[in-house]
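# Structural overview
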Amino acid sequence: IQKPYNVGVLYKFVDNDFSAENQKKYLYPATESNVVPILKKLKRIWIDPYTRIAGEDFIKGAAPRQISLIGSWLVNEENGTITLGFADSGMKIALFGVDKIDLTDRDRVREYFHTVHHEYCHIVNQKKPYSDEFAKITPSGYTAVWNNHTDAEALQLGFISAYARANNIEDFAEMTAHMLIMGKTAWDTKINAITSATGKEALRKKEAFVVNYFKSEWNIDFYELQAEVQRKIQQ
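Here goes a summary of the coordinates provided. In this text, all values refer to a predicted model and were calculated from it rather than measured experimentally.

## Section: the pairing of strand 2 (residues 66-69)
Pairing between strand 1 (residues 8-10) and strand 2: three bridges, direction parallel. If you follow Val-9 over to strand 2, its bridge partner there is Ile-67.

## Describing the nonpolar core
Tyr-50, Tyr-120 and Phe-214 are the most contacted members of the largest nonpolar core, which has 65 residues in total. Once you skip the residues sitting within four places of it in the chain, Tyr-120 turns out to touch Trp-46, Tyr-50, Phe-58, Ile-59, Ala-62, Ala-63, Pro-64 and Ile-93.

## Thoughts on the layout of surface pockets
Taken as a whole, the largest pocket encloses approximately 890 Å³ of empty space. Around the largest pocket, the lining is made up of 32 residues, and of these Ile-82, Leu-84, Trp-146, Tyr-163 and Glu-174 lie nearest the centre. Secondary-structure elements contributing two or more residues to the lining of the largest pocket are strand 4 (81-83), strand 5 (85-88), helix 5 (106-127) and helix 7 (168-182). Here the lining of the largest pocket gets eight residues from one element, more than from any other, and that element is helix 5.

## Points about the pattern of salt bridges
Counted by the stated rule, this structure contains eleven salt bridges. Here Asp-57 and Lys-60 are joined by a salt bridge, their closest N and O atoms 3.6 Å apart. Taking the shortest distance from any N to any O, the salt bridge between Asp-171 and Lys-206 comes out at 2.7 Å. Of the two residues, Asp-171 is situated in helix 7 and Lys-206 in helix 9 (residues 197-218); the sequence distance between them amounts to 35 residues. We note that Asp-171, like Lys-206, is buried. A single network of salt bridges, built from pairs that share partners, joins Lys-184, Asp-188, Arg-204 and Glu-207.

## Looking at the pairing of strand 6 (residues 92-95)
Going residue by residue along strand 6, you find Lys-92 and Ala-94 tucked away on one face and Ile-93 and Leu-95 tucked away on the opposite face as well. Here four bridges tie strand 2 to strand 6, and the two strands are oriented parallel to one another. Each residue of the ladder has a partner; that of Ser-68, found in strand 6, is Ala-94. As judged from the four bridges shared by strand 5 and strand 6, these two strands associate in the antiparallel manner. From the neighbouring strand, Asp-88 faces strand 6, where its bridge partner is Lys-92.

## Observations regarding the sheet that holds strand 1
Taken in spatial order, the four strands of this open sheet run 1-2-6-5, and their pairing is mixed. Of all strands in the sheet, those with a lone pairing partner are strand 1 and strand 5, marking the two edges. Each strand axis lies, on average, 15° off the axis of its neighbour in the sheet, ignoring direction. On the sheet, helix 3 (residues 32-54) packs against strand 1, strand 2 and strand 6 and is oriented at approximately 135° with respect to strand 2.

## Considerations on helix 8 (residues 184-192)
For helix 8, the complete set of buried residues consists of Trp-187, Asp-188 and Ile-191. Mapping the buried residues of helix 8 onto a view down its axis gives an arc of 95°, with all of them on the same face. In helix 8, those exposed residues whose orientation departs by more than 90 degrees from the buried face are Thr-185 and Thr-189. Those residues of helix 8 hidden inside the fold are in contact with helix 7 and helix 9.

## So, the environment of Lys-60
Within the secondary structure, Lys-60 sits in helix 4 (residues 58-61). Given the relative accessible area of 33%, Lys-60 is considered partly exposed. Along the sequence, Lys-60 and Val-7 sit 53 residues apart, while their C-alpha atoms lie 8.1 Å from each other. The residues contacting Lys-60, other than those within four sequence positions of it, are Pro-4, Tyr-5 and Arg-65.

## A few points about the packing of helix 5 against helix 7
Direction vectors running N to C along helix 5 and helix 7 enclose 130°, while the axes themselves pass 8 Å from each other. Taken together, the axis directions place helix 5 and helix 7 in an arrangement best described as oblique. Judged by the twist between their axes, the crossing of helix 5 over helix 7 is right-handed. Two secondary-structure elements touch here, helix 5 through Arg-110, Phe-113, His-114, His-117, His-118, Cys-121, His-122 and Asn-125 and helix 7 through Ile-169, Glu-170, Phe-172, Ala-173, Glu-174, Thr-176, Ala-177, His-178, Leu-180, Ile-181 and Met-182.

So, how was this worked out
Residues numbered from 1 in each chain as written. Predicted model: local features only at pLDDT ≥ 70, side-chain atom pairs only at ≥ 80, totals over all residues. Heavy atoms only, no water. Pairing = 2+ DSSP bridges. Helix = DSSP H or I, 4+ residues; strand = E, 2+ residues; numbered from the N terminus. Core = buried A, V, L, I, M, F, W, Y, C linked by side-chain atoms within 4.5 Å. Buried < 20%, exposed > 50% of the residue type's maximum accessible area, 1.4 Å probe, protein only. Contact = heavy atoms within 4.5 Å. 1 Å grid on protein atoms, 1.4 Å probe; cavity = no way out; pocket = protein on both sides within 12 Å on 5 of 7 lines; lining within 4 Å. Points joined across faces, edges and corners; volume = space filled by probe spheres on them. Salt bridge = Lys/Arg side-chain N within 4 Å of Asp/Glu carboxyl O. Axes fitted to C-alpha atoms, helices over the stretch in contact; angles between N-to-C directions. Arc of directions from axis to C-beta. Parallel < 35°, antiparallel > 145°, perpendicular 65-115°, else oblique. Left-handed = near helix turned anticlockwise from the far one by under 90°.

Structure follows, in structure tokens:
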């Protein structure tokens, strides 16, 4: 995808591509035969929807310059969590578990490409930051030990996932990724099922904030983008 999007793909393992801390972990390169299939899905579920809704030049201007594909998961032994991907300084996205994902399993594909949309949201936010008002919607719910809590608990507090409680940056990216990957029907069903009126109200406020951000900062109709992502997933 270097042409025409100016995004290079690295699938051969390079130690210097990772921090000293991550170099100590058990990582291995993606199997070559898995690279093209994952890239085809990447283009279909991430690049194509943005290109259709935001225009041909959107990804070219607001994209990582490199995507690193790693065959293994990145396991965080200190807390037992698994890092599926990360964005680095707006220039690079690393995706782990390329050899682990079953591309014929739609639910697994949704889960995996949730990570892609989450990490891409970080890059979009770095290009054009969102207002500090977002962090004021649920300020007391953020916690460094988010992994000690469940997604069900998070919903009642106004967070779409336990990870969204890490900080407002992850919260915004989790909101964006969940809305895109779930689709409007599934999203509305999930939010409407929340028994806490406070939690439900907070999530609707965050939804409106995300939608307004994409419109005001990027002139993107988020619901159209959401529908396009769903169309690509169903295909």
